[in-house]
Amino acid sequence: MKHRLNLFLLSLLVATCCWAQSPFQGTFFNKELNIHAKLHLEAKDIPVPGLELDSCYGYLQGNLNGSWVILRVKSIDEEKAVVRAVSERGADAQDLEIRSTEEGISLKQVGGSYIKGIEKRKYVKLPKPFVLKRI
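The numbering scheme is per chain: residues are counted from 1 as the chain's sequence reads. Local features in a predicted model are, by the rule used here, given only for residues with pLDDT of at least 70; side-chain atom pairs are given and counted only at 80 or more, and totals for whole chains, interfaces and linings are based on all residues. Where side-chain values are given, they derive from all heavy atoms of the structure, hydrogens and water being excluded.

Caption draft 1: Quick look at unusual backbone geometry. Between K128 and P129 the backbone carries a cis peptide bond, its omega angle lying at -20°. Each helix is a run of DSSP H or I of at least 4 residues and each strand a run of E of at least 2, with the numbering of both proceeding from the N terminus. Within the secondary structure, P129 is located in the loop between β9 (122–125) and β10 (130–134). Residues other than glycine seldom take positive phi values, yet K120 does so here, at roughly 50°. With respect to the secondary-structure elements, K120 resides in the loop between β8 (116–119) and β9. Working definition: with a 1.4 Å probe on protein chains only, accessible area under 20% of the residue-type maximum means buried, over 50% means exposed, and in between means partly exposed. Taking the relative accessible area as the measure of exposure, K120 reaches 78% and is therefore exposed. Even without glycine at this site, R121 takes up a positive phi of about 65°. Structurally, R121 is set in the loop between β8 and β9.

Caption draft 2: Examining the environment of G58 more closely. By the element assignment, G58 lies in strand β3 (residues 58–62). Judged by its relative accessible area of 0%, G58 is buried. Between the C-alpha atom of G58 and that of T27, which follows or precedes it by 31 residues, the distance is 9.5 Å.

Caption draft 3: How the structure looks around the pattern of salt bridges. A carboxyl oxygen of Asp or Glu within 4 Å of a side-chain nitrogen of Lys or Arg is what we treat as a salt bridge. Counting across every chain of the model gives 3 salt bridges. Linking R84 and D95 is a salt bridge whose minimum nitrogen-to-oxygen distance equals 2.9 Å. Pair noted here: R84 is in strand β5 (residues 80–87) and D95 is in strand β6 (residues 93–100), with a separation of 11 residues, a long-range link. We classify D95 as buried; its relative accessible area is 14%. A salt bridge links R99 to E97; the shortest N-O distance between them is 3.2 Å. Looking at R99, the relative accessible area reads 36%, which means it is partly exposed. For E97, a relative accessible area of 15% corresponds to the buried category. Through salt bridges that share partners, K74, R84 and D95 make up one connected network.

Caption draft 4: Main features of the nonpolar core. By size, the foremost hydrophobic cluster in this structure holds 22 residues, and its most contacted members are L41, L60, I70, I98, L107 and L132. For this core, the secondary-structure elements that each account for two or more residues are β2 (35–40), β4 (68–76), β5, β6, β7 (104–110) and β10. By the convention used here, residues are in contact when the closest approach between their heavy atoms is within 4.5 Å. Sequence-distant contacts of I70, defined by excluding residues within four places in its chain, comprise L39, L41, C56, Y57, G58, V83, R84, A85 and I98. We define the nonpolar core as a collection of buried residues of types Ala, Val, Leu, Ile, Met, Phe, Trp, Tyr and Cys that are connected through side-chain atoms lying within 4.5 Å of one another. Core analysis: the second largest hydrophobic core is formed by 5 residues, I46, V48, Y59 and V69 among them.

Structure (structure tokens):
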């Protein structure tokens, strides 16, 4: 009986932890575009590999024109967040609308300059929006 109670409490704890995870926190990947993102939009606590930043809200890397770092969260609710991303060189900035989906997140570029993908050593436009699955 004691064993069953402990098992029940453990499963309840695991379910609560999974349920409480934010839709805008985690690691995401798009296999076709070879782009991955690491996000935690509620706290500025993610270090960017290869850059000397203390921390940020997240980043995008992969087949892109450099890494893009999320330095500011403009607005956020349960379904959508609008953030400001800056290229690793600091020359370009872009607003991104991030929406929660069943599979992960959907990113849409809003105005300004555009984040471009790289395919066969050439810049290509990324689809609007594109989906990144939670891993």
